[in-house]
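Read off the chains here:
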Amino acid sequence: MNYQNYNGLQEFNNNVALKFQLYNSLFSSLPFHRIEKTGMLLTVLSSHCEDGYKKKMSPTKIIESFFESNTTYINEKEQVDLLFRFIQYLERQVVLFDALEDAAFTKVTDISGAGTLKQLAFEAIKNNKETAINKKLQEFSIRLVLTAHPTQFYPGTVLGIINDLAKSLKENDTVKINMYLQQLGKTAFLQKQKPTPFDEAVSLIWYLENVFYTAIGKITTYLKNQFLDALPTNKPIINMGFWPGGDRDGNPFVTADITLKVAQALRGSIIKCYYLEIRKMRRRLTFSGIEIILINLEKELYDNIFIPGTKTNLTKEAIITALVKVKDIIIYQHNGLFLHLVTNLINKVEVFGLYFSSLDVRQESSVHEYVLDNIFGEKYRNLIVKDKISFLSNVSLLSEKKYEDTLVQDTLANLKVIKEIQLLNGEAGCNRYIISQCNSAQNVMEVYGLFLCCGWQKETLTVDIVPLFETIEDLENAANIMQTLYEYDDYKKHLVLRENKQTIMLGFSDGTKDGGYLMANFGIYKAKEALTIMAKQYGIDVIFFDGRGGPPARGGGKTHQFYASMGKNISTKEIQLTVQGQTVSSNFGTIEAAQYNMEQLIHAGISNELFSSNTITLQKNEEDFLLLLSQKSFDAYVELKNHPDFLDYLSQISPVRFYSETNIASRPSKRNNGRKLSLKDLRAIPFVGAWAQLKQNVTGYYGVGTALAAIEKEGKFGLAKELYKNSLFFKTLMDNCEMAMKKCFFELTSYLCNDEKFGEIWNIIYEEYELTKKYVLLLSGRTTLMSNYPVDSLSISMREKIVLPLITIQQYALNKIREIETQFDSLSTKETFEKLVIRSSFGIINAGRNSA
């Protein structure tokens, strides 16, 4: 273990593990109904679970024997009430652990070490690369796109408590800690109603105001001070993107009115940030010639926020002009006193403008086809593809006809509202339209044509049209699709208007659901390589936008290492990725964590080009070998998906069918609202999240063991070890695989190993887990999973121990539901156990931090 890992582990033990035991004891003294007894019994249940699983007992047997041995409860209602109290207690234990980790972040993590901007500056000087970095900074940037995907199980009120609790823990303020723990006990974790898309937007705007605003300002200021004149004023190093209120793919509750309302909220939010900062500045900048400028600017900002109907000529340029005047006066008349206050604010205004975060619009491709069919009927429908493209390139403004179909109405209204948002917030406020399920060049031209239908002119279409490729088949066809698109004259002219830049989104989640872990990652890599080559042939700068989730199965895990591993055969002018749900709070929940993780991405994007000796990500022989592994892995995964009991197993043994009842998101959990579970309709998030709660994490490793075992039989395992040693890309894949397996606990469901219906499929999955674990450890030369990340490993182990009673309760409840459904018992009892399943989900997913 190196010094950094050892030091981090010591700090984690002192500031998280030990403090958790200390402050956890406060829960039992809180003034709530029967809480002392609940805490004592929960400790007993936790030990009972550990012993029970060692004895190969089922969750049902563990719960039943617990009640029989340790309580006098014989009435089912009393027993269930106690289980609900356990869940409430455990939920709050998870919150305490989250807050402790947030508070200890700067002690556990080396915030000036590897992958940080300070390290980048040191490497630049050491390698005499200052000029090269200055040049790279002129064109490089990262974009973090906050999405409303349903992976955040904490309501906003609890997230606020975590933030305040973490601050108090950092300061060791026992009085406030006790007060916040009491507040936690009285705050509901379950949302009685689904949030609206606007609610989701407001929740994420909190992070923009309280975290990203400060963190991005700090990074920008540091880079400007360290690399003088390297950052262009019109191209920020960090851009924020935003999906709540704009992502209407499968979400009927996102309308054009909501999109506009969210854009207005983003504008109001950033103006409020500027207003508050100027008010603080005025306490320091009390000098002659400055105060009147700040007073006038403060008033204009105030009027824009707080006086309804007030419209001023406020622009980003006007704010900067006023601040530059203040800056000049300070420099020339007041010896530069407090100059940093003004410079910091100017840097923020240059980054955030009047839009704060760029609102993306997304819709599924079949909707556009449906809308065009409704508008033009057979005249369009019967055309061949070539003629359809010509038609779409030359369509003109539609008459103000009122269409009866609400989907047609809203789609057209949405294309028009983008222009309104650009007038309100500036072009960057909303200038991307993403097409999910894109599988042809025609899908892109359909959106182009619809923009023309809504009054946009070809010469002034200030919107990037972004195809999203998700399935394995679509990834394989992506380069050919883009080549066809680049050949269309009108689209070529549009790209010239957009500075010859084409953004392409690639979806990790659906790729994994479709083709398994290894094939999805390899498929995206190959697609990026082919798309980079194709774009260069046409003189296009291609920008890749990665649709990543939290867990490794959805493109999460050690994300920055993926970008650091990319060679020059993959376009890396920008790093763009989605940040979803749990990942927002776990990786970007505090200013320090957000700054560190953004620095990691910036460092990865710059260092892989300037300091890496690899001209390409994988050599030809390495690529061929990884293809072989991916194909064998893919075959194993597809065989599992095609098992006759696969969907029944997922539906009956996991909580997937209850996902939509958690009320954590406005978007439905299935694309089709039919009763029967279909893999095609099931979205990737509940699919991955269900396996996580089942503690089997199939999507994070399945097929890897089979592939590695097969190549060992062929005498090629030495090649796999060489690839692991030489390729950061492959090593990161395997590291993330270890993370997925570290969170598995097959003892939970081992009672199924001899089950008449599900025994076969359980054993298939378990054997693949054991096989993958064996070969991944053989590759790394280590004896335990994640031993090269000791802090992360300990964190996972502690979290898994906290939720052991929770996963036991959930499986117990699922077993009860199956019994009731089989025997047609009381529906009211069934509803009670369904609530137990749903409530358990919150703590299990929250404890995992990147489980869904």
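Our structure's up above, just so we're on the same page.
Residues numbered from 1 in each chain as written. Predicted model: local features only at pLDDT ≥ 70, side-chain atom pairs only at ≥ 80, totals over all residues. Heavy atoms only, no water.

A few points about the packing of aromatic side chains
By convention here, two paired aromatic rings are described through the distance between centres and the angle between planes. A complete count under the given rule lists 38 aromatic pairs for this structure. A ring pair is formed by Tyr213 and Tyr274, whose centres lie 6.3 Å apart and whose planes are at 50 degrees; its orientation type is tilted. Of this pair, Tyr213 sits in helix 10 (residues 197–226) while Tyr274 is found in helix 11 (residues 256–282), placing the two residues 61 residues apart along the sequence. Cluster of aromatic residues (ring-pair linked, three or more members): Phe646, Tyr649, Phe687, Trp691 and Phe758. The side chain of Lys388 reaches across the aromatic face of Tyr380, ending 5.0 Å from its centre. In this arrangement the basic side chain of Arg432 is found over the ring face of Phe545, its NZ or CZ atom lying 4.6 Å from the centre. (Phe/Tyr/Trp six-rings, centres within 6.5 Å; stacked < 30°, edge-to-face > 60°. Helix = DSSP H or I, 4+ residues; strand = E, 2+ residues; numbered from the N terminus. Lys NZ or Arg CZ within 6 Å of the ring centre and 35° of its normal.)

Topic: the nonpolar core
Among the nonpolar cores identified, the biggest contains 262 residues, and Phe212, Phe242, Tyr274, Met598, Tyr649 and Ile765 are the most heavily contacted of them. Broken down by element, the residue count for this core peaks at 14 residues, all from helix 4 (residues 76–103). Setting aside chain neighbours within four positions, we find Ile765 in contact with Leu640, Tyr649, Trp691, Gln696, Val698, Tyr701, Tyr702 and Phe746. (Core = buried A, V, L, I, M, F, W, Y, C linked by side-chain atoms within 4.5 Å. Buried < 20%, exposed > 50% of the residue type's maximum accessible area, 1.4 Å probe, protein only. Contact = heavy atoms within 4.5 Å.)

Concerning the layout of surface pockets
By rolling a water-sized probe across the atoms, one finds the places where empty space is left. Taken as a whole, the second largest pocket encloses approximately 960 Å³ of empty space. Lining the second largest pocket are 32 residues, and of these Arg143, Asn234, Glu427, Ala428 and Asn431 lie nearest its centre. With 3 residues, the single largest contributor to the lining of the second largest pocket is helix 13 (residues 316–333). In terms of residue class, the lining of the second largest pocket is made up of 9 nonpolar, 11 polar and 12 charged. (1 Å grid on protein atoms, 1.4 Å probe; cavity = no way out; pocket = protein on both sides within 12 Å on 5 of 7 lines; lining within 4 Å. Points joined across faces, edges and corners; volume = space filled by probe spheres on them. Nonpolar A, V, L, I, M, F, W, Y, C, P; charged D, E, K, R; others polar.)

Description of empty space enclosed by the protein
If you walk through the whole model with that rule in mind, you get 11 cavities of 30 Å³ or more. Roughly 150 Å³ of volume is contained in the second largest cavity. Contributing to the lining of the second largest cavity are 16 residues, with Asp102, Leu159, Ile162, Ser585 and Arg849 lying nearest its centre. Among the secondary structure elements, those contributing two or more residues to the lining of the second largest cavity are helix 4, helix 8 (156–171), helix 10 and helix 25 (582–588).

Let's talk about the packing of helix 31 (residues 717–726) against helix 32 (residues 728–742)
Between helix 31 and helix 32, the shortest axis-to-axis distance is 6 Å and the interhelical angle comes to 100 degrees. Classed by the angle they form, the pair helix 31 and helix 32 counts as roughly perpendicular. Contacts between helix 31 and helix 32 pair Ala720, Leu723, Tyr724 and Asn726 from the former with Leu728, Phe730, Lys731, Met734 and Asp735 from the latter. (Axes fitted to C-alpha atoms, helices over the stretch in contact; angles between N-to-C directions. Parallel < 35°, antiparallel > 145°, perpendicular 65-115°, else oblique.)

Brief notes about the sheet that holds strand 2 (residues 238–242)
Reading across the sheet, the 9 strands line up as 3-2-1-9-8-7-6-5-4 and stay open at both edges, with parallel pairing between neighbours. Every interior strand has two partners, whereas the edge strands, strand 3 (358–359) and strand 4 (361–364), have only one. One ladder, built from 7 bridges, connects strand 1 (residues 141–147) with strand 9 (residues 574–580); its direction is parallel. Bridge assignment links Ile142 to a residue of strand 9, and that residue is Ile575. Contacts from helix 22 (residues 508–515) reach strand 7 (501–507) and strand 8 (541–547), with the element oriented near 45 degrees to strand 7. (Pairing = 2+ DSSP bridges.)

As for the pairing of strand 6 (residues 464–469)
Counted residue by residue, strand 6 has 6 buried out of 6 residues, so it is predominantly covered. The side-chain alternation of strand 6 yields two buried faces, one formed by Asp464, Val466 and Leu468 and the other by Ile465, Pro467 and Phe469. Here 4 bridges tie strand 5 (residues 432–436) to strand 6, and the two strands are oriented parallel to one another. Of the residues in strand 6, the one forming a bridge with Ile434 is Val466. On the question of chirality, the crossover connecting strand 5 to the parallel strand 6 by way of helix 19 (residues 441–453) is right-handed. (Right-handed = clockwise from strand over helix to strand, strands pointing away.)

Things to note about unusual backbone geometry
A positive phi is found at Gln437, a non-glycine position, where the angle reads about 55 degrees. Summarising the element assignment, Gln437 is placed in the loop between strand 5 and helix 19. If you check the backbone angles, Asn697 has positive phi at about 40 degrees while not being a glycine. With respect to the helices, strands and loops of the structure, Asn697 is situated in the loop between helix 29 (684–693) and helix 30 (704–713). Take Asn697: its relative accessible area is 11%, and that puts it in the buried class.

Remarks on the pairing of strand 5
Of all the 5 residues making up strand 5, 5 are buried; the element is thus mostly covered by neighbouring parts of the structure. Residues Arg432, Ile434 and Ser436 line one face of strand 5 and the alternating positions Tyr433 and Ile435 line the opposite face, and both faces are buried. Two strands pair when backbone bridges link them, and strand 4 and strand 5 are joined in this way by 4 bridges, in the parallel orientation. When the bridges of strand 5 are listed, Gln363 appears paired with Ile435.

Points about the packing of helix 13 against helix 14 (residues 339–352)
At their nearest, the axes of helix 13 and helix 14 sit 10 Å apart, and the two run at 160 degrees to each other. On the basis of their axis angle, the class for helix 13 and helix 14 is roughly antiparallel. Crossing angle aside, the handedness with which helix 13 passes helix 14 is left-handed. Residues Lys316, Ile319, Ile320, Leu323, Val324, Val326, Lys327, Ile330 and Ile331 of helix 13 lie in contact with helix 14, whose contacting residues are Leu339, Val342, Thr343, Leu345, Ile346, Val349 and Glu350. Split into classes, the residues belonging to the contact of helix 13 with helix 14 amount to 12 nonpolar, 1 polar and 3 charged. (Left-handed = near helix turned anticlockwise from the far one by under 90°.)

Describing the environment of Glu756
With respect to the helices and strands, the residue Glu756 is situated in the loop between helix 32 and helix 33 (759–780). In this structure the C-alpha to C-alpha distance between Glu756 and Lys830, which are 74 residues apart in sequence, comes to 24 Å.

Let's talk about the pattern of salt bridges
Counting across every chain of the model gives 41 salt bridges. Across the salt bridge formed by Lys526 and Glu529, the nearest N and O atoms sit 2.7 Å from each other. One end of the pair is Lys526 and the other is Glu529, both in helix 23 (residues 517–537) and 3 residues apart, which spans about a single turn. A residue is classified by how much of its surface remains accessible, and Lys526, at 28% relative accessible area, is partly exposed. (Salt bridge = Lys/Arg side-chain N within 4 Å of Asp/Glu carboxyl O.)

Some points on helix 18 (residues 406–425)
Note on helix geometry: an α-helix contains 3.6 residues per turn, so any two residues three or four positions apart are oriented the same way. Taking 1.5 Å per residue, 20 residues should reach 28 Å; helix 18 reaches 27 Å between its end C-alpha atoms and fits that length. Taken as a whole, helix 18 has its buried residues at Val408, Asp410, Thr411, Leu412, Asn414, Leu415, Val417, Ile418, Ile421, Gln422 and Asn425. On its buried face, helix 18 sits against helix 11, strand 3, strand 4, helix 15 (365–376), strand 5 and helix 19. Where helix 18 begins, the side chain of Asp405 points an oxygen toward the backbone nitrogen of Leu407, at a separation of 2.8 Å. A positive phi of about 95 degrees marks Gly426, the residue just after helix 18. (Expected span 1.5 Å × (residues − 1). Polar contact = N/O pair within 3.5 Å; in protein donor to acceptor, adjacent residues only side chain to side chain.)

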